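Examining the three-dimensional arrangement
Take a look at the letters that make up each chain.
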Amino acid sequence: MEQIENARQNLLAEYEKLDDKTKILRSVEFKKLYSQIPALPPEQRGEFGQAVNGLKQEFEQKLASLQDSTSTKPAIDVTAPFDVNVKLTDQPQVLPASNGSIHPLMSEMDNLLSIFERMGFEAEESRAIDDDYHMFEALNFPEGHPARDDYDTFMTEEGLIAPAHTSTMQNRVLKARKERIESGETIQVVIPGRVFRNEDLDARHEHTFYQLEGVVVGEGINTGHLIATLQTFLETYYEKELEVKTQPFYFPFTEPSFEFAMSCPFCDKAGCKVCGQGWVEILGCGMIHPNVLKMADIDPEKYTGFAWGGGIDRLVMMKHDIEDVRHFHSGKLDFLKQFGN
Ligand SMILES: [Zn+2]
């Protein structure tokens, strides 16, 4: 079948030159071959005809494989959430907005902020990226202070810091409002925000979590105000009367510093798996260190204040009996759907 082989070579050469490769099936080479069939002796027609058809199929397959690899499929986008070439029925289905719900951490944050708003507090969100000055220096952790090691977080090559606590905002919040205390008002601000720690992750430790900070500064503010404010907040939050107690603690940015505990709101001090022995340590707090006030240009001889900070994740875990803090950022619908609202 020398003639077929010659035709194949001609067709291959023509194929290479074509912009629209599908035109190869309508090539004059095929027409010539087909037109010869009726003129052949009957005993040769079958074999020749099959060879021509085989040649045509060869080019049809060539076209089909070309379409598979390029023309009908978009290039793979490695940044896309799934392979766009996957059959439509096999692609992940996007849920309509009506199927979603507010994340339990965010709905709890709203709840907390609304309680503090009713208590006369403003809210200012903390930053997701901050600097060494606000993370440490403005909070009375001078360079080389050993307590800096307790706040091991992430840092950019330029030295910017993913804040390890919402206290990074204290200096800004106080500076921006210092005129107000000079005219006799009290600064009352809560600072919600996302914070970061370089942690070994387990059921109780996440690298990312949420805090709510509070700052109150004015003339004559004392520890009694601190305890009353936090007790009022906790009793409103848990909708019941609670006992509270403090024990001495250490933070560089407060003096004195306390750990603040409440009688267990879940068992009323009988002892349960949340509290163990009836008390729950809920947050850290204290009277703002005079150096922190000074760094915000506030005279510590004339004005005093208190601050506290607590984790939102833990509040939600206790409230809903969640056993693993890592569920919050897992994005698992089975977990999130339990908080549908
Ligand atoms: Zn309890």
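Numbers given to residues run from 1 along each chain, matching the order in which its sequence is written. The predicted origin of the model limits local features to residues at a pLDDT of at least 70 and limits the giving and counting of side-chain atom pairs to 80 or more, whereas totals for whole chains, interfaces and linings rest on all residues.

Thoughts on the overall build of the chain
Secondary structure elements are defined from DSSP: runs of H or I of at least 4 residues count as helices, runs of E of at least 2 residues count as strands, and each element is numbered from the N terminus. In terms of helices and strands, the chain carries ten helices and seven strands. Relative to its length of 341 residues, the chain is extended, with a C-alpha radius of gyration of 36 Å against a globular reference of 20 Å. Projected onto the principal axes, the alpha-carbon positions of the chain cover approximately 115 × 45 × 35 Å. Three classes are used. A residue is buried when 20 or more other C-beta atoms lie within 10 Å of its own, exposed when 12 or fewer do, and partly exposed in between, with C-beta atoms placed from the backbone. Looking at the chain as a whole, 27% of its 341 residues qualify as buried. Put simply, 64% of the contacts in the chain that link residues at least 6 apart link residues at least 24 apart. When we talk radius of gyration, it's over C-alpha atoms, and the globule rule is simply 2.2 Å times the number of residues to the 0.38. Working definition of a contact: two residues with C-beta atoms, positioned from the backbone, lying within 7 Å.

Looking at the pairing of strand β4 (residues 244–251)
By the convention used here, strands pair only if DSSP detects at least 2 bridges between them. Judged from the seven bridges that link them, β4 and strand β5 (residues 254–263) form a sheet pairing that is antiparallel. Within β5, the residue paired with Pro248 across the bridge is Phe258. Adjacent in sequence and paired antiparallel, β4 and β5 are bridged by two residues.

Some words on the environment of Arg314
For Arg314, the position within the fold is in helix α9 (residues 312–320). Between the alpha carbons of Arg314 and Phe209 there is a distance of 9.3 Å; along the sequence they are 105 residues apart.

Re the packing of helix α4 (residues 104–118) against α9
α9 packs onto α4 with a crossing angle of 100° between their chain directions and a minimal axis gap of 10 Å. With respect to α9, the axis of α4 lies roughly perpendicular. The residues of α9 that touch α4, namely those facing Pro104, Leu105, Glu108 and Met109, are Ile312, Asp313, Leu315, Val316 and His320. Interaxial angle, 0 to 180 degrees, is taken between N-to-C directions of lines fitted to C-alpha atoms, where a helix line uses only the stretch in contact. Angles below 35 degrees are treated as roughly parallel, those above 145 as roughly antiparallel, those between 65 and 115 as roughly perpendicular, and all remaining angles as oblique.

Some remarks on the sheet that holds strand β6 (residues 279–288)
Paired through backbone hydrogen bonds, the strands of a sheet run either parallel or antiparallel to each other. Taken together, the seven strands give an open sheet; going across it, the order is β1-β2-β3-β7-β6-β5-β4, and neighbouring strands pair in mixed fashion. Each end of this open sheet is capped by a strand with a single partner; those strands are β1 (122–123) and β4. Of the pairings in the sheet, the one linking strand β2 (residues 187–196) to strand β3 (residues 208–218) comprises ten bridges and is antiparallel in character. The residue bridging Val189 from the neighbouring strand is Val215, located in β3. The sheet strands contacting helix α7 (residues 223–238) are β3, β4, β5, β6 and β7 (304–311), and the helix crosses β4 at an angle near 120°. Taken strand by strand, α9 contacts β3 and β7, and its axis lies near 115° from that of β3.

Re the environment of Ile24
Structurally, the position occupied by Ile24 is in the loop between α1 (2–17) and α2 (28–36). C-alpha separation for the pair Ile24 and Ala128, spaced 104 residues apart in sequence, amounts to 60 Å. Residues contacting Ile24, with those up to four places away along its chain left out, are Leu11, Glu14, Tyr15, Leu18 and Phe59.

Observations regarding the domain arrangement of the chain
As annotated, the domain borders come from an automatic or database domain assignment. Domain boundaries in the chain define domain 1 (2–70) and domain 2 (104–339). Just the C-alpha atoms count here: the centres of domain 1 and domain 2 sit 78 Å apart.

Considerations on the pairing of β3
Summarising burial for β3: eight of the eleven residues are buried, a large majority. The sheet contact formed by β3 and β7 spans eight bridges and is antiparallel. What sits directly across from Val217, in β7, is Gly305.

Some details on α9
For α9, every residue scored as buried is listed here: Ile312, Asp313, Leu315, Val316 and Met317. Elements in contact with the buried residues of α9: α4, β3 and β7. Looking one or two residues past α9, Asp321 carries a phi angle of roughly 55°, positive in sign.

So, the nonpolar core
Within the largest apolar cluster, 58 residues are counted, with the highest numbers of intra-cluster contacts made by Val215, Val217, Cys285 and Phe306. By residue number, the principal contributor to this core is β2, which donates six residues. Apart from residues no more than four positions distant in its own chain, Cys285 is found in contact with Leu226, Leu230, Thr254, Phe258, Phe260, Phe306, Ala307 and Trp308. Any nonpolar core is a set of buried residues, restricted to Ala, Val, Leu, Ile, Met, Phe, Trp, Tyr and Cys, that join up through C-beta atoms within 7 Å.

Here we look at α4
Here α4 contains 15 residues, and its C-alpha end-to-end distance of 21 Å stays within 8% of the 21 Å for a straight helix at 1.5 Å per residue. Listed as buried for α4 are Pro104, Glu108, Met109, Leu112 and Phe116. The buried residues of α4 occupy one face: seen down the axis, they fall within an arc of 135°. Those residues of α4 that are exposed and aimed more than 90 degrees away from the buried face are Asp110, Ser114, Glu117 and Arg118. Of the surrounding elements, those touching the buried residues of α4 are β2, β3, α7 and α9. In the stretch just after α4, Gly120 is the one whose phi turns positive, near 95°. Take the number of residues in a helix, subtract one, and multiply by 1.5 Å to get its expected span. As used here, the arc belongs to the directions running from the helix axis to the C-beta atoms.

Considering unusual backbone geometry
Along the chain, Glu255 connects to Pro256 via a cis peptide bond; the corresponding omega equals -5°. The topology assignment puts Pro256 in strand β5. In this model, Lys269 sits at a positive phi of 75°, which is unusual for a non-glycine residue. Summarising the element assignment, Lys269 is placed in the loop between β5 and β6. On the basis of neighbour counts, which here come to 17 C-beta atoms within 10 Å, the residue Lys269 falls in the partly exposed class.

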